[in-house]
Amino acid sequence: MSELSFDCVVVGAGIVGVCCARQLAETGLSVVVLERNAKAGMETSSRNSGVIHAGLYYPPGSLKASSCVDGRERLYQRCLQLGIPHRAIGKLLVASDASELPKLEALHGRAIENGVASVRWLERREITALAPGVKAYAALWSPRSGIVDAHALVDAHRRLAIDHDVVFCFRSAVTALDARGGGWSVAFVDADGTGYRVRTRAVVNAAGLHATELCTLAGVDTGRAGLQTHYCKGDYFAVSSNRGALEHLVYPMPTDAGLGVHLTLNLAGEVYAGPDTEYVERLHYDVDARKADLFCRAVSRYYPGLTPDDFRPAYAGIRPKLQGPSQPFRDFVVDDMRDRGAPGFIAMVGIESPGLTAAEALALRVLQLVNTAIDG
Ligand SMILES: Cc1cc2nc3c(=O)[nH]c(=O)nc-3n(C[C@H](O)[C@H](O)[C@H](O)COP(=O)(O)OP(=O)(O)OC[C@H]3O[C@@H](n4cnc5c(N)ncnc54)[C@H](O)[C@@H]3O)c2cc1C
């Protein structure tokens, strides 16, 4: 049977995959998205803080920094253009005692280097006015940090992609990738186990937690390429308290693997604490209610007066990290695997935070790589 042919196959319909598909199709390329779940955005893209990051944390010059800063403004514009629910509520970044001040000062310097000029120090009376109840030795204010409805965002890009003739195949799990005649033959199975194949000139691997497996299917030696994914789980607890409404995000100092257990709001005004960082071997989303004590202690450092009873297990997400436990910073990898023996296979690996914010900027980089792959 002859295989259907597309300029580009995108594997995965999380925020990154749908953004890439839309971006590629807007330039006239034919695109099919293969997604093993029944809907778009069912994995990490709907298991996060829903925060639009300003771009304070990431080392200057890294892809995380540049794609976050660029992607953030594109994201705000997209929300305004399409009516996607969001709010630029701003964030306080808090040093809770003197020992944390050098870290906060370093973050301020980094923010400036990353071009996030809107970040500024808060006076004590401003801290009290913006976030009554927050205990801070010093605090930075980031007005361009915000929140977005991640489901609505994924859906908006999906609909735009469909307007540009992108074909979405759900319940379609990619099982093999074979280099053929300067392109790729992509095998996938549907929910009944029936197998199909499509031909393409370029494959975009936007498989999130499974991106490393896809690289292996494409023949990339992921060990040698340093593309092992470590799963780092983050739990969230809903916070109920009669302490008065929070109106802004409140973040402590970041840890090695995460941004610290922060207080975040959703668009309904509900307050969540999380995510913590726990490297796990197995993908699962259970939240251990016994962690309420730990969460209460972490939050109480900068928002005192809560008790463990104020914390109710809510949900969890898992970061696909290239950085293993106790290892140094690793950047996003978004590259053609040409030098790894897989030309035209665009790998996106380690797309953890700030991937939701950065998705549109990452999609522009993918467009360049796909064009080069197809033209070259
Ligand atoms: C706890 C936590 C908090 C976070 N908070 C934020 C935040 O506040 N702000 C922010 O900007 N970012 C945040 N992030 C990061 C952000 O959520 C991710 O970077 C982003 O959602 C990644 O999107 P994705 O499309 O790459 O992955 P996913 O959403 O996981 O999508 C990948 C898709 O690929 C599909 N797939 C996998 N394998 C196959 C296959 N073989 N065949 C077909 N389909 C396949 C999966 O089913 C899935 O739908 C957070 C992440 C976590 C875990």
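Conventions and cut-offs
- Residues numbered from 1 in each chain as written.
- Predicted model: local features only at pLDDT ≥ 70, side-chain atom pairs only at ≥ 80, totals over all residues.
- Heavy atoms only, no water.
- Pairing = 2+ DSSP bridges.
- Helix = DSSP H or I, 4+ residues; strand = E, 2+ residues; numbered from the N terminus.
- Disulfide = S-S within 2.5 Å.
- Buried < 20%, exposed > 50% of the residue type's maximum accessible area, 1.4 Å probe, protein only.
- Domains from an automatic or database assignment.
- Contact = heavy atoms within 4.5 Å.
- Buried area = accessible area lost by both parts, 1.4 Å probe.
- Salt bridge = Lys/Arg side-chain N within 4 Å of Asp/Glu carboxyl O.
- Polar contact = N/O pair within 3.5 Å; in protein donor to acceptor, adjacent residues only side chain to side chain.
- Near = heavy atom within 4 Å.
- Areas by Shrake-Rupley, 256 points an atom, 1.4 Å probe, with all protein chains shown as cover.
- Nonpolar A, V, L, I, M, F, W, Y, C, P; charged D, E, K, R; others polar.
- Core = buried A, V, L, I, M, F, W, Y, C linked by side-chain atoms within 4.5 Å.
- Expected span 1.5 Å × (residues − 1).

1. As for the sheet that holds strand β3 (residues 51-52)
Taken in spatial order, the three strands line up as β3-β8-β4 in an open sheet, and their pairing is antiparallel. Across the chains shown, the open sheet's two edge strands, defined by having one partner strand only, are β3 and β4 (86-87). With two bridges connecting them, β3 and strand β8 (residues 146-148) associate as antiparallel partners. Considered in β8, the bridge of V51 is made with I147.

2. Some points on the state of the cysteines
Two cysteines joined by a covalent bond between their sulfur atoms form a disulfide. In the structure shown here, the tally under the stated rule is zero disulfides. The thiol of C19 is unpaired, and the distance to the nearest cysteine sulfur, on C20, comes to 7.0 Å. A disulfide-free cysteine, C169 has its sulfur positioned 14 Å from the sulfur of C8, the nearest such atom.

3. Side note on unusual backbone geometry
The linkage connecting G274 with the following residue, P275, adopts the cis geometry, with an omega of -15 degrees. With respect to the helices, strands and loops of the structure, P275 is situated in the loop between β16 (271-274) and β17 (278-280). For the peptide bond that leads from S353 to P354, omega is 10 degrees, which places it in the cis range. Tracing the backbone shows P354 in the loop between β20 (342-349) and α9 (355-375). At D165, a position not held by glycine, the phi torsion is positive, near 70 degrees. One can find D165 in the loop between α5 (150-163) and β9 (167-169). If you check the backbone angles, S326 has positive phi at about 60 degrees while not being a glycine. Here S326 lies in the loop between β18 (311-321) and β19 (333-337). Here S326 falls in the exposed class, since its relative accessible area comes to 79%.

4. Remarks on the domain arrangement of the chain
When the domains of the chain are assigned, the result is domain 1 (4-46 + 151-225 + 329-375) and domain 2 (91-143 + 230-321). The gap between the C-alpha centroids of domain 1 and domain 2 is 32 Å. Contacts between the two partners involve eight residues from domain 1 and, on the opposite side, seven residues from domain 2. When domain 1 packs against domain 2, close to 700 Å² is buried across both sides, 60% of that on carbon and sulfur atoms. At the surface where domain 1 touches domain 2, the tally comes to one salt bridge. Connecting domain 1 to domain 2 are one residue pair in polar contact (both at pLDDT 80 or more).

5. A closer look at the site of the ligand
Lining the immediate surroundings of the ligand are 40 residues, of which E35, S45, V51, I351 and T357 lie closest. Residue V16 places a main-chain N or O atom 3.1 Å away from an oxygen atom belonging to the ligand. In isolation the ligand exposes 1,000 Å². Once the protein is present, 97% of that is buried. Listed by contribution, the elements that provide at least two residues to the shell around the ligand are α1 (15-26), β10 (173-180), β18 and α9. Grouping the amino acids of the shell around the ligand by side-chain chemistry returns 17 nonpolar, 17 polar and six charged. Each of domain 1 (4-46 + 151-225 + 329-375) and domain 2 (91-143 + 230-321) contributes no fewer than three residues to the shell around the ligand.

6. What about the nonpolar core?
In terms of nonpolar packing, the biggest core is built from 51 residues, with L93, L263, V299 and F311 touching the most fellow members. For L93, the residues in contact, after removing those within four places along its chain, are L56, Y57, L104, L107, A138, A139, L140, Y251, P252 and M253. Counting 47 residues, the second largest nonpolar core, distinct from the first, contains A21, A25, V148 and V366.

7. A word on α1
With twelve residues, α1 should cover 16 Å at 1.5 Å per step; its first-to-last C-alpha distance of 16 Å lies within 8% of that length. Extensive coverage of α1 is indicated by the burial of eleven of its twelve residues. All buried positions along α1 are accounted for by I15, V16, G17, V18, C19, C20, A21, R22, Q23, L24 and A25. Remark: G28 follows α1 within two positions and exhibits a positive phi of approximately 100 degrees.

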